[in-house]
Amino acid sequence: MTTATASFADRAVHRIGYGALQLERLHDRRGEAVALLRRAVELGVDHVDTAEFYGFGFANDVIREALRPEDDVLVVTKVGADPNPGGRVPLRLAQRPEQLRASVEDNLRSLGVDRLAAVNLRRLDTGPGLRPEGDQVVDLDDQLATMIALRDEGKIGAIGLSSVTLDGLRRALPAGIVCVQNAYSLVSRDDEELLRLCAAEGIAWVPFFPLGGAFPGLPKASDEPAVHAVARSLDVTPSQVGLAWLLHHAPNVLLIPGTADPAHLEANMAVSEITFDAPALATLDAIESRSNEVPLG
């Protein structure tokens, strides 16, 4: 069985939260976006992942409208990139210390709060996606100094890391890291040692691209015959199997699947009820892991 909660930023949260990136698909249907987030809370979501660059501020605006103090939802945002409307990629890197500080202020303003509960520093050291160039190549220690200062000032409560290497996390541990967000899935398990370190240190592991396949070149869990076989045996979908495997794989895994569809939201939340017998788990564990080091663009 999977446990219902795990530790994150000194509190217990349900292991399935909500990633707000997909809210931008409802940009012209704001009422539906608010209703979807309210439904997520009704289903037990108490951990929402967002960023100012999700929908150029739209996701944060919806969160501000939809969530109430009595919901007691942990809202986790990120810095290291900013919105880039009209660009080939809809975000631009913002790695410099002064940019991190400005991004925190942007998130405070759009979320309508005076303190961000947890903020992930989005590095670009590993996994699929962009890599920093020129003045965006910034030493981790300089970035952490800014994040610590923001925490000391009371603007943020806790610090996480994203797209970080094993060595990077080791260097950052003295800063008091509460979570790591890296690309990780059943079919891309390069970060197994990093995951073990997080478990040993009581750090939440919050994978993005949890099913792989987010853009061309990445392996996809739903392409695996073994995943389909297990799904058929349990009368669930291949995507649900991929998510459930993550929950079973390590006790510090928290999921933040995103969707703009209420039925899909309910299917994601139902993943916590899926259990695997030993043969099924062995079948899934035997799936080959392939690298997710795929450049973006």
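Structure's up top.
Please read these numbers as outputs of a predicted model, since none were measured by experiment. (Residues numbered from 1 in each chain as written. Predicted model: local features only at pLDDT ≥ 70, side-chain atom pairs only at ≥ 80, totals over all residues. Heavy atoms only, no water.)

(A) Broad picture of the environment of Ala145. Along the chain, Ala145 turns up in helix 4 (residues 140–152). Relative accessible area serves as the criterion here: at 46%, Ala145 is assigned to the partly exposed category. Here the alpha-carbon distance between Ala145 and Pro97, two residues 48 residues apart in the chain, equals 8.5 Å. (Helix = DSSP H or I, 4+ residues; strand = E, 2+ residues; numbered from the N terminus. Buried < 20%, exposed > 50% of the residue type's maximum accessible area, 1.4 Å probe, protein only.)

(B) Just the sheet that holds strand 5 (residues 74–79), in detail. Spatially, 3-4-5-8-9-10-11 is the arrangement adopted by the 7 strands of the open sheet, whose pairing is parallel. Edge positions in the sheet fall to strand 3 (18–19) and strand 11 (204–205), since each of these pairs with one other strand and no more. When strand 3 meets strand 4 (residues 47–49), the two strands line up parallel, connected through 2 bridges. For Gly19, the partnering residue across the bridge sits in strand 4 and is Asp49. (Pairing = 2+ DSSP bridges.)

(C) Representation of the packing of aromatic side chains in the model. Following the criterion strictly, the structure yields 4 aromatic pairs and no others. Relative to Trp245, the ring of Tyr184 has its centre 6.4 Å away and its plane inclined at 25 degrees; by these criteria the two rings are stacked. Linking Tyr184 in the loop between strand 10 (177–181) and helix 6 (192–201) with Trp245 in helix 8 (residues 238–249), this pair joins segments that are 61 residues apart in sequence. Trp245 matches Tyr184 in its accessibility class, with the two residues each being buried. (Phe/Tyr/Trp six-rings, centres within 6.5 Å; stacked < 30°, edge-to-face > 60°.)

(D) Just the pairing of strand 1 (residues 5–8), in detail. Along strand 1, the buried face is formed by Ala6 and Phe8; none of Thr5 and Ser7, which line the opposite face, is buried. Linking strand 1 back to strand 2 (residues 11–14) in an antiparallel pair, the connection comprises 2 residues, with Ala9 at a positive phi of about 55 degrees.

(E) Layout of the packing of helix 7 (residues 225–234) against helix 10 (residues 278–285). It is at 9 Å that the axes of helix 7 and helix 10 come closest, and there the two elements cross at 160 degrees. Judged by the inter-axis angle, helix 7 sits roughly antiparallel to helix 10. By crossing handedness, the relation of helix 7 to helix 10 is classed as left-handed. Facing helix 7, whose interface residues are Ala226, Val227 and Val230, helix 10 presents Ala280, Thr283 and Leu284. The residue makeup of the contact of helix 7 with helix 10, split by class, is 5 nonpolar, 1 polar and no charged. (Axes fitted to C-alpha atoms, helices over the stretch in contact; angles between N-to-C directions. Parallel < 35°, antiparallel > 145°, perpendicular 65-115°, else oblique. Left-handed = near helix turned anticlockwise from the far one by under 90°. Contact = heavy atoms within 4.5 Å. Nonpolar A, V, L, I, M, F, W, Y, C, P; charged D, E, K, R; others polar.)

(F) Spatial organisation of the pattern of salt bridges. The final tally for this structure, using the stated rule, is 18 salt bridges. A salt bridge links Asp72 to Arg11; the shortest N-O distance between them is 3.6 Å. Of the two residues, Asp72 is situated in the loop between helix 2 (58–66) and strand 5 and Arg11 in strand 2; the sequence distance between them amounts to 61 residues. Arg11 gets classed as partly exposed once you look at its relative accessible area, which sits at 22%. Between Asp106 and Arg109 there is a salt bridge, and its shortest N-O distance comes to 2.4 Å. With Asp106 and Arg109 both in helix 3 (residues 97–111) and 3 residues apart, the pair spans about one turn of that helix. One connected set of salt bridges, linked through shared partners, spans Arg39, Glu42 and Glu266. (Salt bridge = Lys/Arg side-chain N within 4 Å of Asp/Glu carboxyl O.)

(G) Quick look at the side chain of Gln99. With respect to the secondary-structure elements, Gln99 resides in helix 3. The exposure class of Gln99 is buried, given its relative accessible area of 13%. Here Gln136 takes part through its side chain, which lies 3.0 Å from a polar atom of the side chain of Gln99. Here Gln99 is in contact with Arg92, Leu93, Ala94 and Gln136, once residues within four sequence places are set aside. (Polar contact = N/O pair within 3.5 Å; in protein donor to acceptor, adjacent residues only side chain to side chain.)

(H) The arrangement of unusual backbone geometry in detail. Not every positive phi belongs to a glycine, and Asp10 is a case in point at roughly 65 degrees. By secondary structure assignment, the location of Asp10 is in the loop between strand 1 and strand 2. What makes Asp10 exposed here is its relative accessible area of 79%. The phi dihedral of Phe209 is positive, around 50 degrees, even though this residue is not glycine.

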